[in-house]
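Coordinates in review
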Amino acid sequence: MQISDKAEEILEHLWIMIREMGEETVGMKELKTDRDAPEIQELLLLKYIDVFSDSVTLREEGVGEAESAIRRHRLAERLMVDVFDLDRGRMEENACLFEHLLRKDVEESICTLLGHPEFCPHNRPIPAGMCCRNSVKTARNIVTSLSDVSKGTKGRVAYLHTRDNKKLQKLMTMGILPGVTIEVMQTFPSYVFRLGHAQIAVDKEMAGDIFMRLGR
Ligand SMILES: [Zn+2]
Ligand SMILES: [Zn+2]
């Protein structure tokens with residue numbers, strides 16, 4: 001089940017304070033919410049949290065979902081620094097946007113692409129996923145820029161490489177995300193490719209920012 005972004009943020013905050021900092025409960029004030037807020041009602045209904053007067057605690061039932069949200073957040077941070085080469089400020093800004101886009105289907109491809117990292121750029125541990133546990137050393141496929149491939153080439157988006165934040169966000173909102181399948185339909189005069197079920201056209205410069213892993 002998909003929980004709301006706000007509920008997910010509350011879970012992350014609770015997990016950090018309780019599991020990492022050793023607190024037992026966290027105050028509503030610190031969570032910047034209150035008992036009647038929809039995100040608190042949502043989490044109570046799922047039995048992920050308990051509320052005692054104005055403090056909140058994480059129930060065993062909520063730990064899995066909280067851990068998975070933390071994992072996506074910290075993987076998103078790693079991705080921003082390692083692949084997109086962003087500085088701290090831009091990393092924070094984009095990681096928050098990206099973590100909600102980083103759903104289960106792309107999460108494992110990204111973790112694998114990053115080499116199953118154990119720590120985020122703040123040096124906090126990234127909870128391991130299935131992919132890390134079964135990480136079989138698979139041979140790395142060839143990664144190449146979209147502007148260098150010929151018509152008919154198929155593969156998956158490996159990463160985006162641009163120092164321009166606006167361009168990066170534009171590519172991301174077009175759905176060009178690591179792990180998504182891609183097939184090149186045309187390379188001149190513009191680059192046209194099939195991305196999942198959509199067809200997208202970009203100029204050569206933008207195609208040069210998209211890197212794909214060939215095959216499958
Ligand atoms: Zn971090
Ligand atoms: Zn992994």
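Refer to the structure presented above.
These numbers were taken from a predicted model, which means no experiment stands behind them.

Quick notes on the rules
- Residues numbered from 1 in each chain as written.
- Chains lettered and ligands numbered in written order.
- Predicted model: local features only at pLDDT ≥ 70, side-chain atom pairs only at ≥ 80, totals over all residues.
- Pairing = 2+ DSSP bridges.
- Helix = DSSP H or I, 4+ residues; strand = E, 2+ residues; numbered from the N terminus.
- Axes fitted to C-alpha atoms, helices over the stretch in contact; angles between N-to-C directions.
- Parallel < 35°, antiparallel > 145°, perpendicular 65-115°, else oblique.
- Contact = placed C-beta atoms within 7 Å.
- Nonpolar A, V, L, I, M, F, W, Y, C, P; charged D, E, K, R; others polar.

Within a sheet, each strand pairs with its neighbour through backbone hydrogen bonds, oriented either parallel or antiparallel. The strand order 1-3-2 describes an open sheet built from three strands, whose pairing is antiparallel. Strand pairing shows two members of the sheet lacking a second neighbour, strand 1 (26–27) and strand 2 (49–52), which therefore form its edges. Sheet analysis places strand 2 next to strand 3 (residues 55–58), joined by four bridges and oriented antiparallel. Bridge pairing in strand 3 links Asp-50 to Thr-57.

Angle between the axes and distance between the axes: these two values describe a pair of packed helices. Direction vectors running N to C along helix 1 (residues 5–20) and helix 3 (residues 60–82) enclose 95°, while the axes themselves pass 8 Å from each other. The orientation of helix 1 with respect to helix 3, classified from their angle, is roughly perpendicular. Packed against helix 1, whose contacting residues are Glu-8, Leu-11, Glu-12, Leu-14 and Trp-15, the element helix 3 presents Gly-62, Glu-65, Ala-66, Glu-67, Ala-69, Ile-70 and His-73 at the interface. Its residues placed into classes, the contact of helix 1 with helix 3 shows six nonpolar, two polar and four charged.

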